[in-house]
Structures are given as structure tokens and as C-alpha cells.
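Chain by chain, the residues:
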Amino acid sequence: LHRMFGSIDVPVGRLIVVDNGGRLPAIPRAHVIRMPDNLGVAASWHLIIKSTPTADWWAIVNHDVVFAPGDLAHLASAMDDGAGLVTLAGFAAFAISRWTVERVGYFDENFVPAYCEDADYEYRCKLAGVEIMAQPSSMRHDTSSTLHDARLRVENNRTYGDNRAYYARKWGGELRGGETFTTPFNAGGGLVVQDRALAA
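These lines cover the structure that appears in this document, whether it is placed above or below. (Residues numbered from 1 in each chain as written. Predicted model: local features only at pLDDT ≥ 70, side-chain atom pairs only at ≥ 80, totals over all residues. Heavy atoms only, no water.)

1. Focus on the overall build of the chain
Turning to step 1, where the next piece is worked out: Scanning the chain from terminus to terminus reveals 6 helices and 8 strands.
Turning to step 2, where the next piece is worked out: Its helices and strands in sequence order give the chain the pattern α-β-β-α-β-β-α-β-β-α-α-β-β-α, from N to C terminus.
Turning to step 3, where the next piece is worked out: If you take every contact in the chain between residues at least 6 apart in sequence, the share linking residues at least 24 apart comes to 57%.
Turning to step 4, where the next piece is worked out: When the accessible surface of the chain is split by element, carbon and sulfur atoms take 54% of a total near 10,400 Å². (Helix = DSSP H or I, 4+ residues; strand = E, 2+ residues; numbered from the N terminus. Contact = heavy atoms within 4.5 Å. Areas by Shrake-Rupley, 256 points an atom, 1.4 Å probe, with all protein chains shown as cover.)

2. Some words on the pattern of salt bridges
Turning to step 1, where the next piece is worked out: One pass over the full model with this rule turns up 9 salt bridges.
Turning to step 2, where the next piece is worked out: The salt bridge partner of K170 is D120, with a shortest N-O separation of 2.9 Å. Of this pair, K170 sits in helix α6 (residues 150-171) while D120 sits in helix α5 (residues 117-128), and the two are 50 residues apart along the sequence.
Turning to step 3, where the next piece is worked out: Judged by relative accessible area, which is 0%, K170 ranks as buried.
Turning to step 4, where the next piece is worked out: For D120, a relative accessible area of 0% corresponds to the buried category.
Turning to step 5, where the next piece is worked out: Through salt bridges with shared partners, a single network forms among D108, D120, R124 and K170. (Salt bridge = Lys/Arg side-chain N within 4 Å of Asp/Glu carboxyl O. Buried < 20%, exposed > 50% of the residue type's maximum accessible area, 1.4 Å probe, protein only.)

3. What to know about unusual backbone geometry
Turning to step 1, where the next piece is worked out: The amide bond that connects V112 to the next residue, P113, takes the cis arrangement and shows omega of -15°.
Turning to step 2, where the next piece is worked out: Relative to the helices and strands, P113 resides in the loop between α4 (98-104) and α5.
Turning to step 3, where the next piece is worked out: Residue F185 is not a glycine yet carries a positive backbone phi of 60°.
Turning to step 4, where the next piece is worked out: Along the polypeptide, F185 turns up in the segment after α6.
Turning to step 5, where the next piece is worked out: With a relative accessible area of 17%, F185 lands in the buried category.

4. Re the sheet that holds strand β3 (residues 57-61)
Turning to step 1, where the next piece is worked out: A sheet is described by the order of its strands in space; here 4 strands give the open sequence β3-β6-β5-β7, paired in mixed fashion. Each edge of the sheet is formed by a strand with only one pairing partner; in this case those strands are β3 and β7 (132-134). Across the sheet, the axes of successive neighbouring strands diverge by a mean angle of 15°, strand direction being ignored.
Turning to step 2, where the next piece is worked out: Of the pairings in the sheet, the one linking β3 to strand β6 (residues 93-97) comprises 5 bridges and is antiparallel in character. (Pairing = 2+ DSSP bridges. Axes fitted to C-alpha atoms, helices over the stretch in contact; angles between N-to-C directions.)

5. Some remarks on the side chain of T159
Turning to step 1, where the next piece is worked out: As for its position among the elements, T159 is in helix α6.
Turning to step 2, where the next piece is worked out: The buried category is assigned to T159, whose relative accessible area is 5%.
Turning to step 3, where the next piece is worked out: Those residues in contact with T159 that sit more than four places away from it in its chain are V112 and P113.

6. A closer look at α5
Turning to step 1, where the next piece is worked out: With 12 residues, α5 extends 16 Å between its outermost C-alpha atoms, agreeing within 8% with the 16 Å of an ideal straight helix rising 1.5 Å per residue.
Turning to step 2, where the next piece is worked out: When we look at burial in α5, the residues that qualify are E117, D118, A119, D120, Y121, Y123, R124 and C125.
Turning to step 3, where the next piece is worked out: Just downstream of α5, G129 is the residue with a positive phi angle, here 75°. (Expected span 1.5 Å × (residues − 1).)

7. As for helix α3 (residues 71-80)
Turning to step 1, where the next piece is worked out: Among all positions of α3, only D71, L72, L75, A76, A78 and M79 are buried. In an axial view of α3, the angular spread of the buried residues amounts to 160°, which keeps them on one side of the axis. Residues of α3 that are exposed and point more than 90 degrees away from the buried face comprise H74 and D80.
Turning to step 2, where the next piece is worked out: Positioned one or two residues after α3, G82 has a phi angle of 105°, which is positive. (Arc of directions from axis to C-beta.)

8. Quick notes on the environment of P184
Turning to step 1, where the next piece is worked out: Within the secondary structure layout, P184 lies in the segment after α6.
Turning to step 2, where the next piece is worked out: When the C-alpha atoms of P184 and G172 are compared, they prove to be 8.6 Å apart, with 12 residues separating the residues in sequence.

Spelled out as C-alpha cells, the structure:
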């Protein structure tokens, strides 16, 4: 986390850290939101967005990335020019605009604790006509570094399969190319589903 902070080379309006375990000490320049347990990726992203409701856009970043010089300046420039969603390393580091959230909705918190929420949002952006801009970057990302913990790796082996199965039920096929539905669970209506019970 501190290594990532050290690579930030642009002014930041408000720096928010979601601590899914409540163990981090105070961090200079950052507002730390301590949770007693893991909210999951999507819910944590929402907490950041909802904590700054007047922002025009949000940059959301994993703790295990290190930005290359200029990455954040280019990201901010794209967002200030009206981009809807810009990724640097997939959804390990991305920026999302207020208008994108208004059009596409929030991320689906039913993908717990992590994985497939990004593919779901990509597909919903496609359906809503929101372009996702992939910005070239030489940033460093220690992919899935959380899974170096053996206990979390075992748990992920179960939850990842559950999330993929939920995705297939929601969109009528496998992620990133196998989808057949244009609304969640082929039920008509909008692109947002708030409750996993709707998939039953």
C-alpha cells in the first residue's frame, strides 16, 4: 500500500483507503475506512464512490500496483476530457465517471468477495454503449497478490467457481464472449440487479 502511495505523482482531491479487516494504522494524507470484515471488491468500490458523492469521477486502485511516471496525469486528462471508464491494468487501476455510474449502475455486489465483477461491468458497459478506454501503461501490478495467503487461496478456489456460475446464470453464458442475454437473467428491465435472490 505504501509503495503504491509513493508512486502517486499528481495532486489527489481525497485519498480514501478501505481497510477490509480494520488493521491498518493511521495513514498520513488518507482517510481510512476500517471495516470489521471483508466487504468484497464491489462493495468496497461502492464505499469509495459513496464517500465522495460530489466527485465528477473516481480513480480506484488495488493496493498492489505501482504507477509509472505520468500514468495518473494521463488518466486524469482522459477523465477531465469526458471519458466514461479508463483502465490502466484492467480493473486493478481504473477511473470511472459519475455519468457512467448513472447510466450503467454500480458494480454487482453479488460477486463475493472478488472476481467476475469486472467482466460483468464490462458487459453492462457494452450493452449501455459506454466505451471502456484501455490506457497503455508500464505500471507494475503484482497480480492477485492477496492469493499468496494460503487460506485465502483455498477460499478463492470455492468462491471463484461460484462467481463464474452466477455470471453464467445472469448473462446466459461464460464471461467475455459467451453471453447471450441482454438483460440480467433474461428478465427484461435495466442492467442492474441488487439481490442474488433474483437469480434463483
